[in-house]
Amino acid sequence: HPPTMSSVPPPPDEGWEMLPNDDDDPRFDEHGFRVKSQAKSRPRPRADGLTGGDCNVRWQRRSTTRKLSRRPLELKWLVRQGIPATRRADVWVFLSRAETLRRVEPDDYFTSLSEHPDGIGRADASEHRTARQINLDVSRTFPSHRVFGAPAGRDRLRAVLLAYARRNPGVGYVQGMGFLAAVLLLCLDEEAAFWCLSAMIERFLPDSFFSPSLLGLRAELAVFGALVDDKLPRLASHLSAHGVVPALYATRWFIAGFATSLPMGTVLRIWDAFFCEGIKVFHRIGFALLKVCEARLLACSEQHHLLCALQEEEARCHDVGRLFALAFDTRSFVGPFPRSRLLSLRAGYFAALSGEDHTAEEAQATAVPKEQRGDEDEQGDDSVQLRLAPPGAHGSLQDSDVDDEGTESASGASSDEEQPTHTAAPDPFEMISIDDLVEQPPQR
C-alpha cells in the first residue's frame, strides 16, 4: 500500500538542527562572550563562586529580603565566597539599596527618562551631545558579546545610560559608565540596572568620580598609588623607575570596575564584594593582582613590557580563590587596612588635586579674555552639582566598607583593622547596616 501522509516522516531540517541553543552555543561562554579559538579547551570560570554545600544551604536559607537582613557578618562572609548566579540579581539590588532610591520617585520614572524624546522636558544642547556620545559608545561596549553585539542589546544599554544622564545632568555620561551598565545588564533588567547604577555613582563611588575633570577618580588613583608604595614597596619602586604610574594601568580598573580587564566570571565575584563592602574592595583586588604578577613584573626592564605583562596576567586571572585569598588576607600580605587611613589619604589628595585644577583654571582665565569664553567656560566644573542624591539622603556608602575586625578573611585569618570610634549620621534610606557593625554599650 502506498504510504499515507501521516506515515511519511518529515524531511530532516538539518539547517536548524545544526544551530545550537542559546544556552549551549559553543561559540560563547556562560556569560555570553565570544570564545577565542585558542581558549575553547580551557575550563570556563564559574560565576557562582566556589561555594560548597554548606554555603549553598546558607544561601537557600536567605531566600527573602528579610532573611538577607539577618546576621550581616555571616552575609558578608557568604558574599566573599560568591553569590550564586541564580541569586545575584536580587542580592545586588538588596546590597546596593537601590530599592530605596526607586521608592522616592514616581512609578514610571525610569520609563519617562529612557523613552521620552525630551527627557521629561529637559532636553537641551548638552543633552543632545550626551545622547550622541552614548550612541557612539554603545557599539564599542562589549561588541563580542552575544547580547550587546546585537541591536536589541545595544538599545537596552542605551536606555539605561540615557536615563541616568537625564536623572543626573551634573554627571551626565562619562566613558566607562557604559561598561558598568553592561555588567549590571548581564544580571538585571533595564530598570533594576538603572537603579543599581544610580546607587553605585551616588552612594558607593567617591565624590566627583565621574565629574568632567574626573577629580574623584584621580584622587582615588593617587590613594591607590600611595597604598601600593606601602604594601608592595619593591614593586612600586620598580614600576616608578620605569615610568609606570597607577594612572597607566589602574584607571581602567577603577572606572570600569575591572570589567575591561579581568575575565567576567572574576569580575562578577569582585562586584559581589563591592556591593557589600564598597570601593575598598577595588583597592584590595588591585593589590592582589600586583602581588600575583610581582615576580614577572620585576623581571621586566621596559615600560611597554611591564604594561603588556600586566595585561596578560589580567587575562589569565581565573583563579578567584587565590585572588580573594590575597585580597582579603589582612594579616600576612595586605595587613591592616583601616578605613580612617583611606579617608585621610582621599581627603588629602582630593584637596591637592582640587587646588591644581583651580590654579589651572585661573591661569586659563588670565590667558583668555572673558569675552572669548563661552558660557560653559564661565561656569567651570565647580558650579555643577555632581551628585544628585534623592531628597533627604544624608550620606553615601562610598566608605561604608567593613573594617573587618572580628571577622574571618578569605584566607581564614581574622583582621586587626580598627573600628570607627564615632557614630555615623543616620541614613534614612538604610534598611539595615551591613557595614561597620560596632556594638553599642547598653543604655542606662
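Residues numbered from 1 in each chain as written. Predicted model: local features only at pLDDT ≥ 70, side-chain atom pairs only at ≥ 80, totals over all residues. Heavy atoms only, no water.

**Some words on the overall build of the chain**
Moving on, step 1. Counting its regular elements, the chain contains 22 helices and 0 strands.
Moving on, step 2. Counting across all 444 residues of the chain, residues that qualify as buried make up 48%.
Moving on, step 3. With the model as given, the accessible surface of the chain reaches about 22,100 Å², and the carbon-plus-sulfur share is 52%. (Helix = DSSP H or I, 4+ residues; strand = E, 2+ residues; numbered from the N terminus. Buried < 20%, exposed > 50% of the residue type's maximum accessible area, 1.4 Å probe, protein only. Areas by Shrake-Rupley, 256 points an atom, 1.4 Å probe, with all protein chains shown as cover.)

**A look at the environment of His 238**
Moving on, step 1. Mapped onto the fold, His 238 is located in helix H13 (residues 233-241).
Moving on, step 2. Contacts of His 238, omitting those with residues within four sequence positions, involve Leu 297, Leu 298, Cys 300 and Leu 306. (Contact = heavy atoms within 4.5 Å.)

**Some details on the packing of aromatic side chains**
Moving on, step 1. Considering all chains together, one arrives at 22 aromatic pairs under this definition.
Moving on, step 2. Judged by centre distance (5.2 Å) and plane angle (50°), the ring pair of Trp 92 and Phe 275 falls under tilted. Within this pair, whereas Trp 92 is found in helix H5 (residues 88-96), its partner Phe 275 is found in helix H16 (residues 264-277), the two being separated by 183 residues in sequence. Each member of the pair, Trp 92 as well as Phe 275, carries the same accessibility label: buried. (Phe/Tyr/Trp six-rings, centres within 6.5 Å; stacked < 30°, edge-to-face > 60°.)

**Considerations on unusual backbone geometry**
Moving on, step 1. The backbone of Arg 97 shows a phi angle near 55°, a positive value even though the residue is not glycine.
Moving on, step 2. Within the secondary structure, Arg 97 is located in the loop between H5 and helix H6 (98-103).
Moving on, step 3. On the basis of relative accessibility, which here comes to 5%, the residue Arg 97 falls in the buried class.
Moving on, step 4. Phi at Leu 214 is positive, roughly 55°, even though this residue is not glycine.

**Section: the confidence of the model for the chain**
Moving on, step 1. The predicted model of the chain has a mean per-residue pLDDT of 76, with 68% of residues at 70 or higher.
Moving on, step 2. Scored below 50 in pLDDT, residues 10-21 makes 2 contacts in the model with residues more than four places away or belonging to other chains.
Moving on, step 3. Residue range residues 362-444 is modelled with pLDDT below 50. Its contacts to residues more than four positions away, or to other chains, number 159 contacts. (pLDDT = per-residue confidence, 0-100.)

**Points about the side chain of Ser 114**
Moving on, step 1. Secondary-structure assignment places Ser 114 in helix H7 (residues 109-115).
Moving on, step 2. Beyond its immediate sequence surroundings of up to four residues, Ser 114 is in contact with Ala 159, Leu 162, Ala 163 and Arg 166.

**Thoughts on helix H4 (residues 72-81)**
For the α-helix, the turn length of 3.6 residues means that residues three or four positions removed from each other point alike.
Moving on, step 1. Among the 10 residues that make up H4, 8 are buried, leaving the element largely enclosed by the rest of the structure.
Moving on, step 2. Those residues of H4 that fall on the buried side of the exposure criterion are Pro 72, Glu 74, Leu 75, Lys 76, Leu 78, Val 79, Arg 80 and Gln 81.
Moving on, step 3. Just downstream of H4 lies Gly 82, where phi reads positive at about 120°.

**A look at the nonpolar core**
Moving on, step 1. Core analysis: the biggest nonpolar cluster contains 107 residues, and Leu 184, Phe 210, Trp 253, Phe 254, Trp 271 and Leu 290 have the highest contact counts within it.
Moving on, step 2. For this core, the element with the most residues is helix H11 (residues 190-204), which contributes 10 residues.
Moving on, step 3. Beyond its immediate sequence surroundings of up to four residues, Trp 271 is in contact with Trp 92, Leu 180, Val 183, Leu 184, Met 200, Ala 256 and Gly 257. (Core = buried A, V, L, I, M, F, W, Y, C linked by side-chain atoms within 4.5 Å.)

**Description of the pattern of salt bridges**
Moving on, step 1. Under the criterion given, the structure shown has 21 salt bridges.
Moving on, step 2. Two residues, Glu 314 and Arg 252, come together in a salt bridge whose shortest N-O distance is 2.9 Å. In this pair, Glu 314 sits in helix H19 (residues 303-315) while Arg 252 sits in helix H15 (residues 251-255), placing the two residues 62 residues apart along the sequence.
Moving on, step 3. The exposure class of Glu 314 is buried, given its relative accessible area of 2%.
Moving on, step 4. Accessibility expressed as a relative area gives 21% for Arg 252, which makes it partly exposed. (Salt bridge = Lys/Arg side-chain N within 4 Å of Asp/Glu carboxyl O.)

**What to know about the packing of helix H10 (residues 177-187) against H11**
Moving on, step 1. With their axes 9 Å apart at the nearest point, H10 and H11 run at an angle of 130° to one another. Regarding the angle of H10 to H11, the classification is oblique. Here H10 and H11 pass one another in a crossing that is right-handed. In contact with Met 177, Leu 180, Ala 181, Leu 184 and Leu 185 of H10, H11 contributes Glu 190, Ala 193, Cys 196, Leu 197, Met 200 and Ile 201. (Axes fitted to C-alpha atoms, helices over the stretch in contact; angles between N-to-C directions. Parallel < 35°, antiparallel > 145°, perpendicular 65-115°, else oblique. Left-handed = near helix turned anticlockwise from the far one by under 90°.)

**A closer look at H19**
Moving on, step 1. An ideal rise of 1.5 Å per residue puts 18 Å on 13 residues; H19 measures up with 19 Å between its terminal C-alpha atoms.
Moving on, step 2. Residues of H19 that are buried: Leu 306, Ala 309, Leu 310, Glu 313 and Glu 314. Buried residues of H19 fall within an arc of 140° about the axis and therefore sit on the same side.
Moving on, step 3. Looking at the buried residues of H19, the elements they touch are H13, helix H14 (246-249), H15, helix H17 (280-292) and helix H18 (294-298). (Expected span 1.5 Å × (residues − 1). Arc of directions from axis to C-beta.)

**Quick word on the environment of Arg 252**
Moving on, step 1. Sequence separation between Arg 252 and Gly 176 is 76 residues, and the spatial gap between their C-alpha atoms is 8.0 Å.
Moving on, step 2. In contact with Arg 252, not counting residues within four places along its chain, are Gly 257, Phe 258, Thr 260, Ser 261, Gln 311 and Glu 314.
Moving on, step 3. Of note is the side chain of Arg 252, whose polar atom sits 2.9 Å from the side chain of Glu 314. (Polar contact = N/O pair within 3.5 Å; in protein donor to acceptor, adjacent residues only side chain to side chain.)

**Thoughts on the side chain of Lys 231**
Moving on, step 1. Checked against the element boundaries, Lys 231 lands in helix H12 (residues 215-231).
Moving on, step 2. Here Lys 231 falls in the buried class, since its relative accessible area comes to 14%.
Moving on, step 3. Non-local contacts of Lys 231, meaning those with residues more than four positions away in its chain, are made with Phe 287, Phe 333, Val 334 and Pro 336.

**With respect to the environment of Phe 224**
Moving on, step 1. With respect to the helices, strands and loops of the structure, Phe 224 is situated in helix H12.
Moving on, step 2. For the pair Phe 224 and Gly 286, spaced 62 residues apart in sequence, the C-alpha to C-alpha distance is 8.3 Å.
Moving on, step 3. Setting aside residues up to four positions removed in sequence, Phe 224 forms contacts with Pro 246, Tyr 249, Ala 250, Trp 253, Phe 254, His 283, Gly 286, Phe 287 and Leu 290.

**Details of the state of the cysteines**
Moving on, step 1. Under the criterion given, the structure shown has 0 disulfides.
Moving on, step 2. No disulfide involves Cys 187; its sulfur sits 9.6 Å from the nearest other cysteine sulfur, which is in Cys 196.
Moving on, step 3. Free of any disulfide, Cys 293 has its nearest neighbouring cysteine sulfur in Cys 317, separated by 9.2 Å. (Disulfide = S-S within 2.5 Å.)

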